[in-house]
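These are the residues of each chain, in order.
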Amino acid sequence: MNSTYFGLLAEFGEANVPLERVAPKYFGLSYPEARRRAPAKLLPCRVFRLGGQKSPWLVSAVDLAELIDRQRGRAS
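From a predicted model like this one, the values you see are computed outputs, not experimental measurements.

Each value, and the rule that gives it
Residues numbered from 1 in each chain as written. Predicted model: local features only at pLDDT ≥ 70, side-chain atom pairs only at ≥ 80, totals over all residues. Heavy atoms only, no water. Pairing = 2+ DSSP bridges. Helix = DSSP H or I, 4+ residues; strand = E, 2+ residues; numbered from the N terminus. Contact = heavy atoms within 4.5 Å. Axes fitted to C-alpha atoms, helices over the stretch in contact; angles between N-to-C directions. Salt bridge = Lys/Arg side-chain N within 4 Å of Asp/Glu carboxyl O. Buried < 20%, exposed > 50% of the residue type's maximum accessible area, 1.4 Å probe, protein only. Parallel < 35°, antiparallel > 145°, perpendicular 65-115°, else oblique. Left-handed = near helix turned anticlockwise from the far one by under 90°.

Considering the sheet that holds strand β2 (residues 48–49)
Turning to step 1, where the next piece is worked out: Spatially, β1-β3-β2 is the arrangement adopted by the 3 strands of the open sheet, whose pairing is antiparallel. The outermost strands of the open sheet, each flanked by one partner alone, are β1 (16–18) and β2.
Turning to step 2, where the next piece is worked out: In this sheet, strand β3 (residues 57–60) lies alongside β2 in antiparallel orientation, the contact comprising 2 bridges. Looking at the pairing, R49 lines up with W57 of β3.
Turning to step 3, where the next piece is worked out: The sheet strands contacting helix α2 (residues 19–27) are β1 and β3, and the helix crosses β1 at an angle near 85°.

Here it is, written out as structure tokens:
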């Protein structure tokens, strides 16, 4: 685990973060737009549901940290 991951844990307080909290800040998308793209896997990192179709979409803090670190590496 890296400092980006721990920073995300500090920010959100959980390892699986609801898409509605991640999408605007890290994907640059409104939650409704991110929710439309989620089933088609058209988001910058993996999203998933723990349960049935009515369960909220979640983003793993590990996956989000990897995305942030890759983007930081490309910007350097």
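Structural notes on the pattern of salt bridges
Turning to step 1, where the next piece is worked out: In this structure the tally under the stated criterion is 6 salt bridges.
Turning to step 2, where the next piece is worked out: A salt bridge links R37 to E33; the nearest nitrogen and oxygen atoms lie 2.8 Å apart. Of this pair, R37 and E33 both sit in helix α3 (residues 31–37), separated by 4 residues, roughly a single helical turn.
Turning to step 3, where the next piece is worked out: Since its relative accessible area comes to 29%, R37 is described here as partly exposed.
Turning to step 4, where the next piece is worked out: Relative accessible area serves as the criterion here: at 24%, E33 is assigned to the partly exposed category.
Turning to step 5, where the next piece is worked out: Taking the shortest distance from any N to any O, the salt bridge between R46 and D63 comes out at 2.6 Å. Here R46, found in the loop between α3 and β2, pairs with D63, found in helix α4 (residues 61–75); they are 17 residues apart in sequence, far enough to count as distant.

Section: the packing of helix α1 (residues 3–12) against α4
Turning to step 1, where the next piece is worked out: Put simply, α1 and α4 touch, their axes get as near as 9 Å, and they point 125° apart. Compared by their axis directions, α1 and α4 come out oblique. At the point where α1 passes α4, the crossing takes the right-handed sense. Of α4, the residues touching α1 (which contributes T4, Y5, L8, L9 and F12) are A61, V62, L64, A65, I68, D69 and R72.

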